[in-house]
Amino acid sequence: MTIFNSNEFYDHESVLFFKDRTTGLKAIIAIHDTTLGPALGGTRMWNYASEEEAITDVLRLSKGMTYKSSLAGLNLGGGKSVIIGDPQQDGTEALFRAFGKAVHRLNGNYIAAEDVGTTVQRMEWARKSTPYISGISEGGAGDPSPATSFGVFNGITAAVKYKLKTDSLRGLTIAVQGLGNVGMGLCGYLHEAGAKLIVTDINRQSVQKAQELFGATAVEPEHILDQDADIFAPCALGAVLNDASIPRLKVQIVAGAANNQLEKPRHGKALRDLNILYAPDYAINAGGIILISNEGPNFNREKAMNQVAKIHETALDIFKRSDKENRPTHEIADQMALERVEAARAKRINVDRLTG
């Protein structure tokens, strides 16, 4: 793999590789852009099939964090980290302390948080080696996944309001792919709002839990795309919207928590051509980072969650502008995010000229 020539590497400020022989740590930290502030992004631990797959994942995720923070109005840049390993077997305290030492070498240019395959406990282990860890329980926001679920729920209600012309989810059928912390939390909000749920996950226990708690209908993972539903909510891993999957969809809305749902940018246009409203993932799954950005001595959870609820209005703005300009929603979201980054970059350049 030629990293410097890859599309995913474009505009990244730095990509760093860390290895610790004692613990077996193999980690990659990617910093996409720090124009708006230090890069904040989660740490994903996954048993990647190859190192190339891990590199591609961290590069795409870190870029997404730049856009996510910008669109949410946060003074934070975009970064992400991945640890290559089995989260069930390899996530020891020693390994995460070693990871904390790796983060500390960046001197606050990157701030890590919990993500897929990691937990608040594991990030607290990492914090024993560095202060540059967020989303911890003591004195912090704690697990960000409930806020992410709440944000996605607000994105879904915005999509329903815009596309289906109703403020109610009662009676709507929503197919949820992935029942991790965020997906399960989202199901809770959707069930409470009166939606009918079709769910799937590779973890049978999670599926059973959703059936018991929410009366959900379970299907095998390979069949979730074929369901007759109003909304498809991808809440697992990325690139689920592609040439093979999009023609199978029988929904009017795609809105979920997974990062990088579009395998290629052109798949956003493919959804629009089919008259399917796509809620750009990083626009509606920003609840966790919004919560974490409020951490500090005066942390107020209610204030933070009120800020998360504003995702509803952000999504509506994207939908309206998309139709007005006759462009896919992901292009509009990208443009809105980049406008803020570029304005800050231009301001910085002007200041540098004046002081230089």
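Residues numbered from 1 in each chain as written. Predicted model: local features only at pLDDT ≥ 70, side-chain atom pairs only at ≥ 80, totals over all residues. Heavy atoms only, no water.

A. Expanded view of the overall build of the chain. From N to C terminus, the chain includes twelve helices and eleven strands. For a compact globule of 356 residues, the expected C-alpha radius of gyration is about 21 Å, and the chain comes in at 20 Å, within 12% of that figure. Principal-axis analysis of the C-alpha atoms gives the chain an extent of 55 × 50 × 45 Å. For the chain, the residues scored as buried account for 54% of the 356 residues in total. (Helix = DSSP H or I, 4+ residues; strand = E, 2+ residues; numbered from the N terminus. Rg over C-alpha atoms; globule rule 2.2 N^0.38 Å. Buried < 20%, exposed > 50% of the residue type's maximum accessible area, 1.4 Å probe, protein only.)

B. Region of the structure containing the pairing of strand β7 (residues 196-200). Summarising burial for β7: four of the five residues are buried, a large majority. Relative to β7, strand β6 (residues 173-177) is paired through five bridges, and the arrangement is parallel. Note that in β7 the partner of T173 across the bridge is K196. Following the backbone out of β6, through helix α5 (residues 181-192) and into the adjacent parallel β7, one traces a crossover that is right-handed. Where β7 lies against strand β8 (residues 217-218), two bridges are found, and the strand directions are parallel. For I198, the partnering residue across the bridge sits in β8 and is T217. (Pairing = 2+ DSSP bridges. Right-handed = clockwise from strand over helix to strand, strands pointing away.)

C. Inspection of a nonpolar patch on the surface at higher detail. On the surface, a cluster of nonpolar side chains totalling about 200 Å² of accessible area is made up of W46, V116 and L237. Along the chain, the position of V116 falls in the loop between β5 (110-114) and α3 (120-127). (Patch = residues over 30% accessible without salt bridge, like charges linked within 9 Å, V, L, I, M, F, W, Y side chains within 5 Å. Areas by Shrake-Rupley, 256 points an atom, 1.4 Å probe, with all protein chains shown as cover. Salt bridge = Lys/Arg side-chain N within 4 Å of Asp/Glu carboxyl O.)

D. Structural detail: the packing of aromatic side chains. Scanning the model with the defined rule gives four aromatic pairs in all. Ring geometry for Y67 versus Y282: centroids 5.6 Å apart, planes at 75°, classification edge-to-face. Of the two residues, Y67 is situated in helix α1 (residues 51-71) and Y282 in helix α8 (residues 281-284); the sequence distance between them amounts to 215 residues. Take Y67: its relative accessible area is 10%, and that puts it in the buried class. Taking the relative accessible area as the measure of exposure, Y282 reaches 9% and is therefore buried. Judged by centre distance (5.7 Å) and plane angle (40°), the rings of Y162 and F319 are tilted. Of this pair, Y162 sits in helix α4 (residues 145-163) while F319 sits in helix α11 (residues 311-325), and the two are 157 residues apart along the sequence. Among the aromatic residues, ring-to-ring pairing joins F150, F153 and Y189 into one connected group. (Phe/Tyr/Trp six-rings, centres within 6.5 Å; stacked < 30°, edge-to-face > 60°.)

E. View of the nonpolar core. Judged by nonpolar contacts, the single largest core of 63 residues is most densely connected at I156, I174, V176, L190, L197, V199 and F319. With near-sequence residues (within four places) excluded, V176 lies in contact with G183, C187, L190, L197, I198, V199, T200, I224, A233 and C235. If you look at the next biggest cluster of nonpolar residues, it comprises 22 residues, including I29, A39, I83 and W125. (Core = buried A, V, L, I, M, F, W, Y, C linked by side-chain atoms within 4.5 Å. Contact = heavy atoms within 4.5 Å.)

F. Expanded view of the pairing of strand β2 (residues 25-33). With eight of nine residues buried, β2 is to be regarded as a mostly interior element. Pairing of strand β1 (residues 14-20) with β2, which is carried by seven bridges, proceeds in the antiparallel orientation. Residue F18 lies in a different strand from β2, and its bridge partner there is A27. As consecutive antiparallel partners, β1 and β2 are separated by four residues, and within that stretch G24 has a phi angle of approximately 85°, a positive value. Sheet analysis places β2 next to strand β4 (residues 77-84), joined by six bridges and oriented antiparallel. Counted as the bridge partner of D33 is G78 from β4.

G. Structural view of the pattern of salt bridges. Following the criterion strictly, the structure yields 16 salt bridges and no others. Measuring nitrogen to oxygen at the nearest pair gives 2.8 Å for the salt bridge that ties R248 to D226. Note that R248 is positioned in the loop between β9 (231-234) and β10 (253-254) and D226 in the loop between β8 and β9, a separation of 22 residues in sequence. Residue class for R248 comes out partly exposed when judged on its relative accessible area of 30%.

H. Helix α10 (residues 301-309), seen in detail. For α10, every residue scored as buried is listed here: A304, M305 and V308. Buried residues of α10, seen end-on, are gathered within an arc of 95° and therefore sit on one face of the element. When the buried face of α10 is taken as reference, the exposed residues oriented beyond 90 degrees from it are E302 and K303. Structurally, α10 contributes buried residues whose contacts are with α4, α9 (287-293) and α11. (Arc of directions from axis to C-beta.)

I. Region of the structure containing the environment of I290. Relative to the helices and strands, I290 is located in helix α9. Considered as a pair, I290 and A304 are 14 residues apart in the sequence and their alpha carbons are 6.9 Å apart. Non-local contacts of I290, meaning those with residues more than four positions away in its chain, are made with A72, L74, A304, Q307, V308 and I311.

J. Here's a closer look at the packing of α5 against helix α6 (residues 204-214). The interhelical angle for the contact between α5 and α6, taken along N-to-C directions, is 20°, at an axis separation of 11 Å. In terms of axis orientation, α5 runs roughly parallel to α6. Judged by the sense of rotation from one axis to the other, the crossing of α5 with α6 is right-handed. In this structure, α5 uses M184, C187, G188 and H191 to contact α6, whose residues at the interface are S206, K209, A210, L213 and F214. In the contact of α5 with α6, the residues fall into five nonpolar, three polar and one charged. (Axes fitted to C-alpha atoms, helices over the stretch in contact; angles between N-to-C directions. Parallel < 35°, antiparallel > 145°, perpendicular 65-115°, else oblique. Left-handed = near helix turned anticlockwise from the far one by under 90°. Nonpolar A, V, L, I, M, F, W, Y, C, P; charged D, E, K, R; others polar.)

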